[in-house]
Amino acid sequence: MKTIFTLAAAPLTDLDRLPHVVLWIWLHLLQFDVSNQTINPEEDALNKSDRPVASGRISLEHALFLR
């Protein structure tokens, strides 16, 4: 009999869930990256000009909305 604790600690055993896990991680990483770019866009324009907000591919307002 499986308990809640064994299910919570169990590794990914069903490959049908793999796309869901990858999407979940990607969405959280996207949110973190967009949040990082909106904190100080002037610094990104100087040091990392290839980023979307610094290069003007997305506006700061749209990045904040996406975040």
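Located above this text is the structure these notes cover.
Residues numbered from 1 in each chain as written. Predicted model: local features only at pLDDT ≥ 70, side-chain atom pairs only at ≥ 80, totals over all residues. Heavy atoms only, no water.

Asks: Explain the overall build of the chain to me, please; I cannot follow it from the model alone.
Replies: The helix and strand tally for the chain stands at five helices and zero strands. Beginning at the N terminus, the succession of helices and strands in the chain can be written as α-α-α-α-α. Of all 67 residues assigned to the chain, the portion counted as buried reaches 13%. (Helix = DSSP H or I, 4+ residues; strand = E, 2+ residues; numbered from the N terminus. Buried < 20%, exposed > 50% of the residue type's maximum accessible area, 1.4 Å probe, protein only.)

Asks: Help me understand the environment of Gln 31 in this model?
Replies: Here Gln 31 is to be found in helix α2 (residues 18-39). Distance in space between the C-alpha atoms of Gln 31 and Leu 66 is 7.9 Å, their sequence separation being 35 residues.

Asks: Just checking my understanding: could you explain α2 for this structure?
Replies: Residues separated by three or four positions in an α-helix point in the same direction, a consequence of the helix having 3.6 residues per turn. The end-to-end C-alpha distance of α2 is 32 Å, a good match for the 32 Å that 22 residues give at a rise of 1.5 Å each. Taken together, the buried positions of α2 are Val 34, Ser 35, Gln 37 and Thr 38. Looking straight down α2, one finds that the buried residues subtend no more than 165 degrees of arc, so they occupy a single side. With respect to the buried face of α2, the exposed residues turned more than 90 degrees away are Val 22, Ile 25, Phe 32 and Ile 39. Buried positions along α2 lie against α3 (41-47), α4 (52-55) and α5 (60-66). (Expected span 1.5 Å × (residues − 1). Arc of directions from axis to C-beta. Contact = heavy atoms within 4.5 Å.)

Asks: How do you make sense of the pattern of salt bridges when you look at a structure like this?
Replies: A side chain with one charge may pair with a side chain of the opposite charge, provided their charged atoms come close. The full count for this structure, using the stated rule, is one salt bridge. Ionic pairing is found between Asp 44 and Arg 51, a salt bridge with its closest N-O pair at 3.0 Å. The pair Asp 44 / Arg 51 is uniform in exposure class, with both members buried. (Salt bridge = Lys/Arg side-chain N within 4 Å of Asp/Glu carboxyl O.)

Functional significance is not addressed by these values, which are geometric in nature.
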